[in-house]
Every structure is written in structure tokens, then in C-alpha cells.
Amino acid sequence: VQLQASGGGLVQTGESLRLSCVASGSILSINEMGWYRQAPGKERELVAVIISDGSTNYADSAKGRFTISRDNAKNTVYLQMNSLKPEDTAVYYCNVAATIRVGVRGNYWGQGTQVTVSS
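Conventions and cut-offs
Residues numbered from 1 in each chain as written. Predicted model: local features only at pLDDT ≥ 70, side-chain atom pairs only at ≥ 80, totals over all residues. Heavy atoms only, no water. Helix = DSSP H or I, 4+ residues; strand = E, 2+ residues; numbered from the N terminus. Rg over C-alpha atoms; globule rule 2.2 N^0.38 Å. Buried < 20%, exposed > 50% of the residue type's maximum accessible area, 1.4 Å probe, protein only. Contact = heavy atoms within 4.5 Å. Core = buried A, V, L, I, M, F, W, Y, C linked by side-chain atoms within 4.5 Å. Polar contact = N/O pair within 3.5 Å; in protein donor to acceptor, adjacent residues only side chain to side chain. Phe/Tyr/Trp six-rings, centres within 6.5 Å; stacked < 30°, edge-to-face > 60°. Lys NZ or Arg CZ within 6 Å of the ring centre and 35° of its normal. Disulfide = S-S within 2.5 Å.

What follows is about the overall build of the chain. Along the chain, the regular secondary structure elements total zero helices and 11 strands. Sequence-ordered secondary structure for the chain, helices as α and strands as β, is β-β-β-β-β-β-β-β-β-β-β. Compactness check: the chain gives a C-alpha radius of gyration of 14 Å against a globular reference of 14 Å for 119 residues, within 12% of the reference. In terms of overall dimensions, the chain has C-alpha extents of about 50 × 25 × 25 Å along its principal axes. Within the chain, the proportion of its 119 residues that are buried is 44%. Here the analysis covers contacts within the chain between residues at least 6 apart in sequence; of these, 54% occur between residues at least 24 apart.

For soluble globular proteins, the rule of thumb is that nonpolar side chains tend to be buried together. In this structure, Trp35, Val47, Phe66, Ile68, Leu79, Met81 and Tyr92 are the most contacted members of the largest nonpolar core, which totals 32 residues. Counting residues per element, this core draws most heavily on strand E9 (residues 90–101), which supplies six residues. Ignoring any residue separated from it by four or fewer positions in sequence, one finds Tyr92 in contact with Leu19, Trp35, Tyr36, Arg37, Val47, Phe66, Leu79, Met81, Gly112, Thr113 and Val115.

Topologically, Thr113 is positioned in strand E11 (residues 113–118). For Thr113, a relative accessible area of 11% translates into the label buried. A polar side-chain atom of Thr113 sits 3.2 Å from the main-chain amide nitrogen of Gly8. In this structure, Thr113 is in contact with Ala5, Ser6, Gly7, Gly8, Leu19, Ala90, Val91 and Tyr92, ignoring residues within four places of it in sequence.

Per the counting criterion, the structure on display carries one aromatic pair. With a centroid separation of 5.0 Å and 65° between ring planes, the pair formed by Tyr36 and Trp109 is classed as edge-to-face. Of the two residues, Tyr36 sits in strand E4 (residues 29–38) while Trp109 sits in strand E10 (residues 104–109), which places them 73 residues apart along the sequence. The partly exposed category is assigned to Trp109, whose relative accessible area is 39%. Over the aromatic face of Tyr78 sits the side chain of Arg18, whose NZ or CZ is 4.0 Å from the ring centroid. Over the face of the ring belonging to Trp109 we find Arg44, whose NZ or CZ atom lies 4.6 Å from the ring centre.

Counted by the stated rule, this structure contains one disulfide. Here Cys21 engages in a disulfide with Cys94; their sulfurs sit 2.0 Å apart. Disulfide Cys21-Cys94: the torsion about the S-S bond is 45°, which places it as right-handed. On the criterion of sequence distance, the pair formed by Cys21 in strand E3 (residues 17–24) and Cys94 in strand E9 is long-range, its members being 73 residues apart. With relative accessibility at 0%, the residue Cys21 sits in the buried group. Take Cys94: its relative accessible area is 0%, and that puts it in the buried class.

As C-alpha cells, then:
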């Protein structure tokens, strides 16, 4: 399974970005798709996840500003980020939990996309 993330960039405080991540390869089904981030000197942390039934979970820092969504037909997960703050600056990674063949499930990471928010 390969994950290709895109959409990062440099924005100013209060602006928006939309991240996308496409999963490809031998996939029977995708159970969970999510976004994590890692700022310099900090551990990787959850931003948001979306389950196959559409239910979502957000970090407190993301609630009310970020929206995660998925397009199952395209094996794609999105993260709409509004009202960005300098503390949102990090490398954002997509993560997928997928069933690749009957009875075999794996967890996969994308390459990361840089989001920089200037004050």
C-alpha cells in the first residue's frame, strides 16, 4: 500500500489549507484513515481520524477548525484546515489501516507534507 499526501504549504495565520492523501496498491478495504502531525522537537500526534462508517475523532486542538473527510471510491482522505495558527506548523502524515487480503490487515504511513503557518 502506498500513500501519497499533498496540499501542504506556507500560509499566514487565519488562512486555510486542504490536505489530500491517496492510498493505492493491493487493498481489499480501508478501515480507518487519519492525519497525524509532528512539529520539530515534538512527538507525532493525532490530528483526526475517520472510520469506515464515517465516524470521526479529533484532537482537541483541531476541533472546530479542522474537518476530516474521505472518498471511499477514490481511497482518499482529506483534511480541511481553517483558521490556521502558528502552532499548527508541522509535518502532516496520513495514516491508513487497511485490509490487504483476507485476514491480513496493515497500518501504513504517507511521506508527510509540510504545513507552515506564519504569524
